[in-house]
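Structural description and commentary
Here is what each chain is made of, one letter per residue.
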Amino acid sequence: MGMKSWWGWKLQEMKASKHSYVLLAPYMLLFLMFTVIPVVISIILSFTYFNMLEFPRFIGWQNYTRLFLEDDVFLIAIKNTLLFAIITGPISYIACFVFAWIINELTPKWRAFMTLIFYAPSISGNVYFIWLMIFSGDRYGIANGLLIKWGFLLEPIQWLKTEAYIMPILILVQLWLSLGTGFLAFIAGLQTVDRTLYEAGAVDGIKNRWQELWYITLPSMRPQLMFGAVIQLTTSFAVADVSIALAGFPSVNYAAETVVTHLIDFGTTRFEMGYASAIATVLFMIMVGTNLLVQKLLRRVGE
């Protein structure tokens, strides 16, 4: 009985707000077609052998056992991806917020100008050639040229072909590129904080800017903080373009291999779609897990 009345109540609710559902329908349809269904199909394909020519053949957990027990390169890719996420995720997230907070204090004209300056790298398409010039392996590369000129080096270093230097350089470039959408969301969020809350806070005994930030500003912009976290995390886990553009594909001894470059290798080079789907599913699970963890942490803000 309870279940029936619950459904009846739900139907009544839906009838009452049918206009909202009609407005939502186009987006939901596109979201279903291009996000939900492909994800489901990918998860199903991960249990098959599929080479794009024959019909998928069900092979159970074989792709996953191969991935974790036989594929050494995948383990390097996982290690590199987690390293990227642990370093660039939190640092770029905090940097986004700090820069947004500082820029928010400026006059509107300066604010617009500084936002553009910080946001520009993330929207400049083929911006990697600047870093290729800086870390070029000959003595004409900017880093080598300066280090030789100042007497730190006698001969040029092959920056992007030496295992030890590849990851730090990629992390540096990724951080430089990371002030993107999340940064804009934070600036927008800071603009929407109700000013009267600060006056009320002062009356309630908030003494300094840090308390103001923790008890008023951050709780007031929870939705933007959540959005920024999801964007930064997804970007740091899905890192591939930087690696391919700077370290080559594949990189020296797979030093710059990430989960996504591994996926590109099997999906677009070898056409092992079942295996590529297994890699994608593992990445999907890691992303969902970390996003849930971050949501839990963000709920504690201001407590």
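What follows is about unusual backbone geometry. Residue P250 is reached from F249 by a cis peptide bond, and omega for that bond is 0 degrees. Here P250 shows up in the loop between α13 (241–247) and α14 (259–269). The phi dihedral of N253 is positive, around 50 degrees, even though this residue is not glycine. Of note, N253 is situated in the loop between α13 and α14. Since its relative accessible area comes to 55%, N253 is described here as exposed. Phi angles above zero are rare outside glycine, and F271 is one such case at about 55 degrees. Tracing the chain through its elements places F271 in the loop between α14 and α15 (273–298).

Glancing now at the nonpolar core. Counting residues in each nonpolar core, the largest one holds 39 residues, and the members touching the most others are F97, F183, F186 and L225. Put simply, the parts of the chain that give this core at least two residues each are α3 (62–70), α4 (72–104), α9 (181–192), α11 (209–220), α12 (222–237), α14 and α15. In terms of residue count, the dominant contributor to this core is α4 (10 residues). If we skip the residues at most four places from it in the chain, F183 touches C96, F99, A100, I103, T115, F118 and Y119. Grouped together as the second largest cluster of nonpolar side chains are 23 residues, I169, I171, V173 and A247 included.

Let's shift gears to the environment of W131. When you line up the elements, W131 lands in helix α6 (residues 128–134). Separated by 115 residues in the primary sequence, W131 and L246 have C-alpha atoms spaced 7.8 Å apart. Look past the residues within four positions of W131 in its chain and what remains in contact with it is L172, V173, W176 and L246.

Before going further, it helps to spend a moment on the layout of surface pockets. Quantified by volume, the largest pocket comes out at close to 650 Å³. Forming the boundary of the largest pocket are 26 residues, of which P90, Y93, I94, V294 and L298 lie nearest the centre. Contributions of two or more residues to the lining of the largest pocket are made by α4, α11, α12 and α15. Looking at which element gives the most residues to the lining of the largest pocket, the answer is α4, with 10 residues. In terms of residue class, the lining of the largest pocket is made up of 22 nonpolar, three polar and one charged.

Time to look at the environment of F266. By the secondary structure assignment, F266 is in helix α14. Residue classification places F266 among the buried positions, given a relative accessible area of 4%. A sequence separation of 166 residues divides F266 from A100, and the C-alpha atoms of the two residues are 39 Å apart.

Next up on the list: helix α5 (residues 108–123). With 16 residues, α5 should cover 22 Å at 1.5 Å per step; its first-to-last C-alpha distance of 22 Å lies within 8% of that length. At I117, α5 shows its maximal bend, which comes to roughly 30 degrees, and the proline P121 appears one to four places after that position. Among all positions of α5, only R111, T115, Y119 and P121 are buried. Each element contacted by the buried residues of α5 is listed here: α4, α8 (163–177) and α9.

This part is about the side chain of S277. For S277, the location among the structural elements is in helix α15. A distance of 2.8 Å separates the side chain of S277 from the backbone oxygen of M273, its partner in a polar contact.

With that out of the way, let us pick up α8. Counted at 1.5 Å a residue, the expected span for α8 with its 15 residues is 21 Å, and the 22 Å between its end C-alpha atoms agrees. What α8 keeps buried is the set I166, M167, I169, L170, I171, V173, Q174 and L177.

Following both chains from N to C, one finds helix α10 (residues 196–203) and α11 inclined at 150 degrees, their axes separated by 11 Å at the closest point. As summarised for this structure, α10 and α11 are arranged roughly antiparallel, according to the angle between their axes. Considering how the two elements wind past one another, α10 and α11 form a crossing that is right-handed. Residues L197, Y198 and G201 of α10 form the contact with α11, whose participating residues are E212, I216, T217 and S220. Its residues assigned to classes, the contact of α10 with α11 shows three nonpolar, three polar and one charged.

Right, let's get into the side chain of D71. You can see D71 is positioned in the loop between α3 and α4. Within the local environment of D71, its side chain forms a polar contact with the backbone nitrogen of V73, the two atoms lying 3.2 Å apart. Leave out the neighbours within four places in its chain, and D71 touches R66, H262, F266 and Y275.

Criteria and thresholds
Residues numbered from 1 in each chain as written. Predicted model: local features only at pLDDT ≥ 70, side-chain atom pairs only at ≥ 80, totals over all residues. Heavy atoms only, no water. Helix = DSSP H or I, 4+ residues; strand = E, 2+ residues; numbered from the N terminus. Buried < 20%, exposed > 50% of the residue type's maximum accessible area, 1.4 Å probe, protein only. Core = buried A, V, L, I, M, F, W, Y, C linked by side-chain atoms within 4.5 Å. Contact = heavy atoms within 4.5 Å. 1 Å grid on protein atoms, 1.4 Å probe; cavity = no way out; pocket = protein on both sides within 12 Å on 5 of 7 lines; lining within 4 Å. Points joined across faces, edges and corners; volume = space filled by probe spheres on them. Nonpolar A, V, L, I, M, F, W, Y, C, P; charged D, E, K, R; others polar. Expected span 1.5 Å × (residues − 1). Bend = angle between axes of the 7 residues up to and from the residue. Polar contact = N/O pair within 3.5 Å; in protein donor to acceptor, adjacent residues only side chain to side chain. Axes fitted to C-alpha atoms, helices over the stretch in contact; angles between N-to-C directions. Parallel < 35°, antiparallel > 145°, perpendicular 65-115°, else oblique. Left-handed = near helix turned anticlockwise from the far one by under 90°.

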